[in-house]
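# Breakdown of the fold
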Amino acid sequence: MALQVELIPTGEIIRVVHPHRPCKLALGSDGVRVTMESALTARDRVGVQDFVLLENFTSEAAFMENLRRRFRENLIYTYIGPVLVSVNPYRDLQIYSRQHMERYRGVSFYEVPPHLFAVADTVYRALRTERRDQAVMISGESGAGKTEATKRLLQFYAETCPAPERGGAVRDRLLQSNPVLEAFGNAKTLRNDNSSRFGKYMDVQFDFKGAPVGGHILSYLLEKSRVVHQNHGERNFHIFYQLLEGGEEETLRRLGLERNPQSYLYLVKGQCAKVSSINDKSDWKVVRKALTVIDFTEEEVEELLSIVASVLHLGNIHFAADEESNAQVTTENQIKYLSRLLGVEGATLREALTHRKIIAKGEELLSPLNLEQAAYARDALAKAVYSRTFTWLVGKINRSLASKDAESPSWRSTTVLGLLDIYGFEVFQHNSFEQFCINYCNEKLQQLFIELTLKSEQEEYEAEGIAWEPVQYFNNKIICDLVEEKFKGIISILDEECLRPGEATDLTFLEKLEDTVKQHPHFLTHKLADQRTRKSLGRGEFRLLHYAGEVTYSVTGFLDKNNDLLFRNLKETMCSSKNPIMSQCFDRNELSDKKRPETVATQFKLSLLQLVEILKSKEPAYVRCIKPNDAKQPGRFDEVLIRHQVKYLGLMENLRVRRAGFAYRRKYEVFLQRYKSLCPETWPTWAGRPQDGVAVLVRHLGYKPEEYKMGRTKIFIRFPKTLFATEDALEVRRQSLATKIQAAWRGFHWRQKFLRVKRSAICIQSWWRGTLGRRKAAKRKWAAQTIRRLIRGFILRHAPRCPENAFFLDHVRTSFLLNLRRQLPRNVLDTSWPTPPPALREASELLRELCMKNMVWKYCRSISPEWKQQLQQKAVASEIFKGKKDNYPQSVPRLFISTRLGADEISPKVLQALGSEPIQYAVPVVKYDRKGYKPRSRQLLLTPSAVVIVEDAKVKQRIDYANLTGISVSSLSDSLFVLHVQREDNKQKGDVVLQSDHVIETLTKTALSADRVNHVNINQGSITFAGGPGRDGIIDFTPGSELLITKAKNGHLAVVAPRLNSR
Ligand SMILES: Nc1ncnc2c1ncn2[C@@H]1O[C@H](COP(=O)(O)OP(=O)(O)OP(=O)(O)O)[C@@H](O)[C@H]1O
Ligand SMILES: [Mg+2]
């Protein structure tokens, strides 16, 4: 896809992805270019990721627009060179996970989207590689996200740094010190539900392996006035509410507390004990656990909680005036609790709360206090107890964080990473001493910030051999001087007023101020102001024109707060405390020390100076936090509020300094690595020095001499547009390179795959071919051997069995037997049988017999009784007639029928005459008379005992089988036969001459029935028969052409039987 970029008249730049649907890459009325270097997703490319790339870098509107656009996309981080600008999203963006940490580890700062972890990692790497102490300065106004950022940084180091040799206890303590400090030092304010009411600078010590081994915390000016008073909508320090909400019943009982914040006067001033965003109960659990981690013993926890409770009880102490208007304690119960919790004498405490000890001329005098003074003394004690406990707590945490190896030689090789989370610039409707200190602190840090950024910029130019062009910027030294200068500064004047004898009041202090610094351009009071401004200033107020804006301070309480006075007898009482923590907080030496302690402002000034020195000794990194709205709402971008912060954080100033000369600079190696694909000479690799490569590259890109400068190690590009043009070219080039790389890679990938497949195929093929070849060769070898053995065996086949002919002989036998199996005779009539080899002749014969027997047996088993009878009859027929009578062969294929006459064809009378005798066979016959040889149609019936000749319905003749002496028949083809009857039987008429069309069948059945099989005579020529008593008849048979039966002249019956072919 070709990348098209168009510049449209409004100054917007669009990237045309589709001719009809342009996809907007950039917006902005001032032509803000939004593409950033580095391979980022489209979302990451919203706005510029580094303000120095803003074309119109002096325009606050362009700055705000960029910030707004990114914020809308939840991109809360943007750079100004190395400075990270962070906008509080007021929502969990899920950008601090372990994966995010990994993503930012060890990568170049500018190669990934801006992130706090990028700063964290860069700082850590610098610490490790250059072994220089580092400091991350996190600034911004209340609620801007400083503490959150500090916590995220600590979390990053705790999770990504190697664990120290002695286990991870230090890491846990570093992390767990936070909830404890926050419980005691943070409170809900109107600006922030978890506002840090103290400044914090934390050192984390790393050993030479980069593992965190210890830490140290410096705390600054706790806002202790909060202990006794909170503005409406604000709370006291979290710990009070946490204890009341989360503390166990037993603990509360011991401390004499009720589980109700409303019962304590120090907790009701702000009228908002409950806050929806805070869960005091679960926070209490966290704090309790954390205390254990940071080495608190159970006793110490108890002592600490006793102090917390004692502050609450102090708040509930009431006074009443006696007749002389002196204050008297009316709440004895509280005194009792206090005496127990703090380990002091009740009476002493009572007296100390209502009297003041004055030492005049070496004598101690007790002067009673009036109601107001007593309340003041009580509050002063509460504040002192709490603030000193806080200081003690920090000391205790420091002892727990202190590296256990501090004494060992390796300790000297540790490096330190400082995290500064200090209260931001504050402007309220009513600003007091605390705001004065806080804003002074910010003024100091701003001064340091400008100094260091300018310095580093200048140093970079010098190091690169590029001429430094002076940058115009506002130096706030003048304001710092106004506050801190000796004798003439506000703090000095305040101290002086606090110390001087006589009636010093806040107003006398103001007058003195007016006298001393009236000429100062950044100072204003009602008296000094002109007519117009005077209206906005009260008489007890003075105004400072801070670098970040004007702030009007009310002088009320300045002297008191600066003095931080605690009456001597209260101090003495506390010094006698049996509570170990209290006795550490109130040192007896303090009482004997005649020197007046430093005032609060001076202490603060000195600690700030010390802080500045600490920071100066380290390599700085900056996180500038911005609060997007006052409502703590996600997604709301309050233009006015943010513009104000941009101004007082000096971000525009910072940008101007950064952009004074050149908008962009990068090391030659980095620049060349990124853009080398744009020049044929540097792509894909440049063999020479990176600097020369960059020179060739920019010449090829057509950079004009005024657009860039070559430093010693870096190229400096003056205008962002030059860089953007290069970036656009790179974007286009990337597309084509990506396509080429893709194509090459795909080609390579598929070729590799193809080659792999090919190699595999060849491997399989060759293996298979080998296998086939080997099989074939083995088969051939076997065949050759077999043939050879057969031939050899064949030659020796007649020799006695020996190894040479054994195979052949076996083979012949086997093949005969196998062959035989296929060629066995199909039926009993099949006489075929393969010829056996000589050695198997006998076996073959046995087999043949077996086979035949088997077939016969099988046949016999399978035939029906009728068929058996048929065969038996046929066998008898064959026995009688075979080869003896001419027409026998014709009868063979014709089946014998059980009877040739049905029951209906036989007269019932005949049947009746036969009685119970069954008829086994009946056949129509022709009977020839014995005398005239007349043919007469008769029926022949066979019963179990006789042959019966029937004429119609009459039994003409019955021949019992016992009387049947024989049967005669000719050998010719005629069908005449004679039944010979016993001559002695007078009942019989003589032999009977009959003719049947089924002569063979009839005779066989008759012979069988009469058991006269051996009495069937087959005669050649003629048959003699008995024609009646004493008279014989003769039948002559002659062959002829056709059947002719006649009575011959000689009185014989002449039968001419046709000759048949079979004979
Ligand atoms: N990066 C962030 N992501 C999500 N929420 C945040 C982030 N930073 C800050 N917040 C939200 O804003 C609130 C205020 O932040 P934080 O306490 O860090 O402000 P601060 O600058 O320390 O203010 P103060 O000067 O009053 O101590 C946090 O409690 C949290 O709810
Ligand atoms: Mg904070």
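Placed above this text is the structure.
Residues numbered from 1 in each chain as written. Chains lettered and ligands numbered in written order. Predicted model: local features only at pLDDT ≥ 70, side-chain atom pairs only at ≥ 80, totals over all residues. Heavy atoms only, no water.

### As for the overall build of the protein chain
- Check the secondary structure of the protein chain and you find 35 helices and 34 strands.
- Relative to a compact globule of 1063 residues, whose C-alpha radius of gyration would be 31 Å, the protein chain shows 68 Å and is clearly more extended.
- If you line up the protein chain on its principal axes, its C-alpha atoms span 210 × 85 × 70 Å.
- Expressed as a percentage of the 1063 residues in the protein chain, the buried residues total 50%.
- Counting contacts in the protein chain only where the partners sit at least 6 residues apart, residues at least 24 apart contribute 62% of the total.
- Per element, the accessible surface of the protein chain, about 52,400 Å² overall, is 53% carbon and sulfur.
- Averaged over its 158 positive side-chain charges, the protein chain has a centre that lies 15 Å from the centre of its 124 negative ones. (Helix = DSSP H or I, 4+ residues; strand = E, 2+ residues; numbered from the N terminus. Rg over C-alpha atoms; globule rule 2.2 N^0.38 Å. Buried < 20%, exposed > 50% of the residue type's maximum accessible area, 1.4 Å probe, protein only. Contact = heavy atoms within 4.5 Å. Areas by Shrake-Rupley, 256 points an atom, 1.4 Å probe, with all protein chains shown as cover. Lys, Arg positive; Asp, Glu negative; His and termini not counted. Charge placed at Lys NZ, Arg CZ, Asp CG, Glu CD.)

### Description of the sheet that holds strand β31 (residues 1022–1028)
- If you walk across this open sheet you meet the four strands as β31-β32-β34-β33, and the pairing is mixed. The open sheet has two free edges, formed respectively by β31 and β33 (1044–1047), since each of these has just one partner strand. Mean inter-strand twist for the sheet, computed between neighbouring axes without regard to direction, equals 20°.
- In this sheet, strand β34 (residues 1053–1058) lies alongside β33 in antiparallel orientation, the contact comprising four bridges. By the bridge assignment for β34, T1046 is matched with A1054. (Pairing = 2+ DSSP bridges. Axes fitted to C-alpha atoms, helices over the stretch in contact; angles between N-to-C directions.)

### With respect to the sheet that holds strand β18 (residues 549–554)
- Taken in spatial order, the three strands line up as β16-β17-β18 in an open sheet, and their pairing is antiparallel. Pairing within the sheet leaves two strands with one partner each, and these edge strands are β16 (523–525) and β18. Averaged over all neighbouring strand pairs, the angle between strand axes comes to 25°, with direction disregarded.
- For strand β17 (residues 541–546) and β18, the ladder comprises six bridges, and the chain directions are antiparallel. Opposite H546, over in β18, you have G549 as the bridge partner.

### Side note on the site of ligand 1
- Around ligand 1 there are 17 residues in total, and S142, K146, T147, S195 and S196 lie nearest to it.
- Interatomic distance of 2.9 Å between a backbone N/O atom of G145 and an oxygen atom of ligand 1.
- A distance of 2.6 Å separates an oxygen atom of ligand 1 from a polar atom in the side chain of S195.
- Isolated, ligand 1 exposes 630 Å² of accessible area, and the fraction of that covered by the protein chains is 86%.
- Elements supplying a minimum of two residues to the shell around ligand 1: α4 (146–160) and β8 (195–196).
- In the shell around ligand 1, the residues fall into four nonpolar, nine polar and four charged. (Near = heavy atom within 4 Å. Polar contact = N/O pair within 3.5 Å; in protein donor to acceptor, adjacent residues only side chain to side chain. Nonpolar A, V, L, I, M, F, W, Y, C, P; charged D, E, K, R; others polar.)

### Looking at the environment of K954
- Structurally, the position occupied by K954 is in strand β26 (residues 954–960).
- Residues contacting K954, with those up to four places away along its chain left out, are V910 and I949.

### Quick look at the pattern of salt bridges
- Scanning the entire structure with this criterion turns up 56 salt bridges.
- Measuring nitrogen to oxygen at the nearest pair gives 3.5 Å for the salt bridge that ties R938 to E951. Residue R938 is located in strand β24 (residues 935–942), and its partner E951 is located in strand β25 (residues 946–951); the two are separated by 13 residues in the primary sequence.
- For R938, a relative accessible area of 7% corresponds to the buried category.
- Several salt bridges share partner residues, and in doing so they unite R197, E223, R226, E234 and E426 into one network. (Salt bridge = Lys/Arg side-chain N within 4 Å of Asp/Glu carboxyl O.)

### Quick notes on unusual backbone geometry
- With an omega of 0°, the peptide bond between W683 and P684 qualifies as cis.
- Counting through the fold element by element, P684 comes out in the loop between α27 (668–675) and α28 (690–701).
- One non-glycine residue with positive phi stands out, namely Y90, at about 55°.
- By secondary structure assignment, the location of Y90 is in the loop between β5 (83–87) and α2 (98–104).
- Its relative accessible area of 22% is what places Y90 among the partly exposed residues.
- Positive phi, normally seen in glycine, also occurs at D1011, with a value near 55°.
- Relative to the helices and strands, D1011 is located in the loop between α35 (999–1010) and β30 (1016–1019).

### Regarding the environment of L940
- Position of L940 relative to the elements: it lies in strand β24.
- What makes L940 buried here is its relative accessible area of 0%.
- C-alpha separation for the pair L940 and K927, spaced 13 residues apart in sequence, amounts to 9.7 Å.
- Once you skip the residues sitting within four places of it in the chain, L940 turns out to touch Y921, A922, V923, V925, V947, V948, I949, F977, L994 and T1002.

### Let's talk about helix α32 (residues 865–881)
- With 17 residues, α32 ought to run about 24 Å at 1.5 Å a step, and its terminal C-alpha atoms sit 24 Å apart, in line with that.
- Those residues of α32 that are buried are in contact with α33 (888–891), β27 (964–970), α35 and β30.
- Phi turns positive, to about 75°, at G883, one or two residues after α32. (Expected span 1.5 Å × (residues − 1).)

### Brief notes about the coordination of the magnesium ion (ligand 2)
- At 1.9 to 2.1 Å from the magnesium ion (ligand 2) lie its protein donor atoms, namely T147 (OG1) and S196 (OG). Of this pair, T147 sits in helix α4 while S196 sits in strand β8; the two residues are 49 residues apart in sequence, bridging distant segments of the chain.
- By relative accessible area, which is 13% here, T147 ends up buried. (Donors = N, O, S within 2.8 Å, 3.2 Å for Na, K, Ca; no water.)

### Quick word on the packing of helix α7 (residues 238–246) against helix α11 (residues 298–315)
- As a packed pair, α7 and α11 sit with axes 10 Å apart at the nearest point and diverge in direction by 100°. Classed by the angle they form, the pair α7 and α11 counts as roughly perpendicular. In this structure, α7 uses I239, F240, L243 and L244 to contact α11, whose residues at the interface are L305, V308, V311 and L312.
- Of the residues assigned to the contact of α7 with α11, the class counts are eight nonpolar, no polar and no charged. (Parallel < 35°, antiparallel > 145°, perpendicular 65-115°, else oblique.)

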